[in-house]
Structures are given as structure tokens and as C-alpha cells.
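Given next are the chains, with one letter for each unit.
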Amino acid sequence: MLQTAVFAASVLLITYLYNKLRFKRFQQHGTLPQMYPSLLFGHLKSLDQTIKRGPPDRHPDLIFSEMLDDLGRPPLMYVDLRPVNRPMVLISDYHIAEQISRSSKEFPTSIPKTDLSYLLPLTGPTSILLAENDKWKTLRKRYNPAFAPQHLMTLLPCILDKTAQFIEHLNALATSGEEFPLVDLAINLTFDIIGAVVLDADLEAQTLDPSSQGELVRLYIELYSTYWDDKADWPWWTLPRREIKRWRLGRRIDSLLATIIRQKHTEHAAGLDTTSRRILSLTLGGIEDLTPTLLRETCDQVKTFLLAGHDTTSITLAWVFYLLSRTPRVLEKARREIDDILGPEVDPKLIQSKLSSSDGPDLVRKMIYTSAVIKETLRLYPPAATARYVKPGTGFTVNTSTGESHCLDGMIIYNCEGLIQRDPAVYGESASYFKPERWLDGAFEKSNPPGAWRPFERGPRGCIGQDFAMIELKVIVAATIRRFEFNKVGLGQLTLDEKKLPVLDDHGMAVARSEVYNTRQVNAKPVDGMRMRVSKASLRPETSTGNI
């Protein structure tokens, strides 16, 4: 009798669990475009099959793009990652992306970010990146003046000073002919710039020997490197030794930053730092008592600026120089523009003198084509993206341009800029090609909404440092492109004809022997660090007129 009851109960339990699992896999989000799911593994099997089509370390966005193509490029795609992670909906259409990033009555500062607690050692608990609602508003209001464009232009001399060191290293590498990872060199530059404009401190990042870098930079890079694999966001208990290392390094970084912040506050209080235009100095102005809470909060924001400011800008620089090296007509136009604005001189000191003068801000604003080059690079290779999350039962619904409605409660909502910004429906047949001209004369903006270009994300939670990043990128590119030729080695190396000239395709882009692709290292980063050789530019290079 007991055995019969146990058997019957077991059958009922198994039947219940089976029906519940079947509902979750096939019916719960069945109206969303998706690959056919597995009862036990959801879309993990489809994901694995797609991964096996190409390099296994390629960025998830590239894998999702292939899955999206298999479905005929719908505006959104459901990916069931259970039991490994929450289910996710991938957004590839700017109409829907705008609904997610904008403010609303229910979400005044837009939909909350997904859980980023795994970044706590890098950002600290009070980071503006992790803050929501009123806390985020308070932080944003406090730091907005320091990132106003008119203030950022006053930092041009500081950016140029650090760029001069970058050029010295490129000169040395051009003389030696040595192969090097451009991303690493650019990271050192952006670390030094962030240290100078935020802290008014020399972080001593720009050395070719990593062991001689400043302590803060060495510690930060060591900490950051613990996130450079596909296990970066695994729970702490799966890799406890790694987590202990992260917190140990994070505390040492906190200690160094706290010392700098206290010193700057003391200088302010004594009236010794009243003319500084650095971001930290502006935010400390008027604060009489540097409480432990305020010190902690300030330290966390500085760590966040280091995180956001060093990596994304250096990645973009690497792609800019690579794309220019592959597109002679674009490089020539960019060089001509800088000639027209700054004169034909390429001496770094002369360039630094002109851009550091009172005319500097106007000269930077005139770099229209250079800005278009940067915008197009960010369109094709956005280094960062954003993910959001709405709790089950909230009733958050998005509408497609064709009238369908989808509830996205309880899912990771991923605005995938890498797909949104390559949408053929918006960018036409040239969506995957490097074409800076699309950004000239406002033609694209007139025919397409601004939400189709969103490398800094949009809405209230758009990147606070986007204006600074664009100014920084323009200055570095302007100071560099007429002086050097960048030549890719390894992945992405160019195909040459019998005259050793690059062979161009029908779009005027040099044909590469293989494709450079991004991998996930917190942000989307070139898998080989963009390995280059650099040489001094002389006469404008010739190119083969043959097409492939």
C-alpha cells in the first residue's frame, strides 16, 4: 500500500515537473523570436553549435549575430540560458532599444541595470555605474559640471601633454621596427590621461617596461586582468581564490586613491589648489569636511572613471588606426583635414602649442571629418554595451515597429549596440563597411533617428564621459595620423599585390588575409591586442588599383 502511494506520488511529481519545465521552455516566452529550444538545456545547445562555427573565443555579440541571421534578423531574439543563467532577450532594433533606455513614469532613470556586483572590486559599492534612482541622480548631478563640454576643453593641454609621450613611444617603435600590441600602448596613454584630468596626478603608466609603471596602474591592471576570461562573472564561491585576490587588490587600490583624495582636499582647504580645473578638484570644491562616507564615495567614482575611461578609449583608438590603415582614401581625407586646420607641420611640439592655445577648442571643433572617422569606428566596433533587468510581475512591455507587443519581465534585456548599429534596414547595403562620409553634412541624422547610433548608450543613463571621450580621441588621432603609418601583423594583415601595395576591394578597403575579431575582456577587445608595426609617414602611400 505504501509503495503504491509513493509510486503514485512520484509519478504525479514527475508529471508536474515535466509539465512545468515544458511550459517554461516552449510556452512561457513562446511568442518571442528564438531558436528551437531543448527541453533540458533551452538554447544552450544552439549556442554551443553556433560557437563551434568559428573561433571559440570570439565575442558573444558575434555569436548572437550569427544566431540572429539564422532567424532572419528579427528585431529581438530570446535566448534561454537556464539553468546556467537567467533567460535573455537580445535587442537588435533601435526602436526597441529606445524604449528600454528612455525614462518613463515607472522608471524615471530608465530600466535598472542588470546585476553588476561582480565588478565591485573594480568600482566599489557606491559607484555611479551601480547606483539607481535617487542615489544615481545625486551622483550624476554632482559630477555633471566636471564633464560639461566647455569645461572639458580647458583640459586640452593636459591631454596633449600625455599624447606627446605616446608619440615618443611610437617614434621609438618606428625606429626599432618592433612588433607591439597597440591596445596596450593606448591603454597606458589613456590611464595617464585619466589620472591627469581626474586626479591631477601622474600615474606613470606610459613606460614600455610594465614593471616600472606607477603602483596604482600596476595594481589596477593586475585586478582588471582577473576579468579577462569567460568566467569573469561567475559566482564568487566557484572561484574563491580569484575572488580573494580581487578584493585584496581592490583594497590596496582604495588605499592609494584615498591618500590622493585626502591630499587634494587638504590643498583645497588650505587654499593651495584654487585654480585647478581637474575633475576631482571641482567636485571637492566647497566641501569642508571629508567624511569617511564622502571619501568612500569619491574613491568609488574615481575607480569607476578609471574603469570606463581607460579601456573603451584605448580599444577605439586601436580600431581607428587599423581601419585607417586599411582605407587609404579615408586616411588621406583625414590627413588633409588636419593639414587645413593645423597647417602642414607634424612636429608634436608645434601641434601641442596650437591646440593648447586659446584657439585650441575651436580647432578641435573644426575636425569634422576626424569626428566622422571616430563615429564610424564606434558604430562598427562599439567597445561596450548595456544590459538591464526588470523583476517578474512588473509588466514591462515593448512594442516592435510592426505592432507586436512583448513582455520582458524577468529577463536580462541586452541592448546589443554591435547589432543595432549594423542594421541593414537603417544603414543600407553599406552597413558592415567603414564609411565615415555617412556622418557628414547631417544627412544621416536627417533621415534616421539618433537612436540608431548608441555606442555611449542613450537616455538618462548615457555615458557621463562621452564628450570627454570624443575630444580625447580627436586630439590623439589628429596628433598621430600624419606622423605614422600603422601596419597590422598576424590577424588582419593586409593582402599585397606583386608591387607590395595593398589590394583594394570595391569599397576602397584593403583586403585582409584574415579578420581581426573581438573577444570578451569585460569590454569587446581585439583578440590579439591589435598587434602592429609602425613606421614614420613620408609621402602619401600609393595603393593598387586592382579589385578583388
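(A) Spatial organisation of the sheet that holds strand β1 (residues 76-79). The sheet built from 4 strands is open, its strands ordered β1-β2-β7-β4 with mixed pairing. Both outer strands of the open sheet, β1 and β4 (386-389), are each paired with one neighbouring strand and no more. Averaged over neighbouring strand pairs, the angle between their axes works out to 20 degrees when direction is ignored. Note that strand β2 (residues 88-91) and strand β7 (residues 412-415) share 4 bridges and pair parallel. Paired with Leu 90 across the bridge in β7 is Tyr 414. Contacts between helix α4 (residues 94-101) and the sheet are confined to β1, β2, β4 and β7, with β7 contributing the most and set at about 120 degrees to the helix.

(B) Structural detail: the side chain of Ser 38. Considering the arrangement of structural elements, one finds Ser 38 in the loop between α1 (2-27) and α2 (44-51). By relative accessible area, which is 17% here, Ser 38 ends up buried. With residues near it in sequence (within four places) discarded, Ser 38 still touches Arg 25 and Lys 45.

(C) View of the packing of aromatic side chains. Overall, the coordinates contain 14 aromatic pairs when judged by the stated rule. Between Phe 26 and Tyr 36, the ring centres sit 5.8 Å apart and the planes meet at 40 degrees, which makes this aromatic pair tilted. Here Tyr 36 lies in the loop between α1 and α2 and Phe 26 lies in helix α1, a separation of 10 residues in the sequence. Taken together, a centroid distance of 6.2 Å and an interplanar angle of 45 degrees make the contact between Tyr 118 and Tyr 227 tilted. Note that Tyr 118 is positioned in the loop between α4 and α5 (120-123) and Tyr 227 in the loop between α10 (215-224) and α11 (240-269), a separation of 109 residues in sequence. Grouped by ring-pair contacts, the aromatic residues Phe 191, Tyr 220, Tyr 224 and Trp 228 constitute a single cluster. Positioned over the ring face of Tyr 389 is Arg 86, at 4.2 Å from the centre of the ring.

(D) Looking closely at the pairing of strand β11 (residues 531-536). Both strand β3 (residues 180-181) and β11 contribute to a ladder of 2 bridges, which runs antiparallel. Across the sheet, residue Phe 180 finds its bridge partner in β11, namely Met 532. As defined by bridge partners, strand β8 (residues 484-488) adjoins β11 across 5 bridges and the pair is classed as antiparallel. Looking at the pairing, Lys 488 lines up with Met 532 of β11.

(E) Quick look at the nonpolar core. Counting 139 residues, the largest nonpolar core has Leu 199, Phe 396, Leu 408 and Met 530 as its most contacted members. For this core, the leading source of residues is helix α13 (residues 292-326), giving 16 residues. Leu 199 has contacts with Ile 194, Leu 257, Ile 260, Lys 264, Leu 280 and Val 302, leaving out every residue within four places of it along the chain. Core analysis: the next-biggest nonpolar cluster, separate from the first, contains 16 residues, Met 67, Met 88, Leu 90 and Tyr 414 among them.

(F) Region of interest: unusual backbone geometry. Arg 82 connects to Pro 83 through a cis peptide bond whose omega is 15 degrees. With respect to the element layout, Pro 83 can be found in the loop between β1 and β2. Phi at Asp 200 is positive, roughly 60 degrees, even though this residue is not glycine. Within the secondary structure layout, Asp 200 lies in the loop between α9 (182-199) and α10. A positive phi angle, near 55 degrees, is found at Glu 204, a position not held by glycine. The exposure class of Glu 204 is partly exposed, given its relative accessible area of 44%.

Calculation notes
Residues numbered from 1 in each chain as written. Predicted model: local features only at pLDDT ≥ 70, side-chain atom pairs only at ≥ 80, totals over all residues. Heavy atoms only, no water. Pairing = 2+ DSSP bridges. Helix = DSSP H or I, 4+ residues; strand = E, 2+ residues; numbered from the N terminus. Axes fitted to C-alpha atoms, helices over the stretch in contact; angles between N-to-C directions. Contact = heavy atoms within 4.5 Å. Buried < 20%, exposed > 50% of the residue type's maximum accessible area, 1.4 Å probe, protein only. Phe/Tyr/Trp six-rings, centres within 6.5 Å; stacked < 30°, edge-to-face > 60°. Lys NZ or Arg CZ within 6 Å of the ring centre and 35° of its normal. Core = buried A, V, L, I, M, F, W, Y, C linked by side-chain atoms within 4.5 Å.

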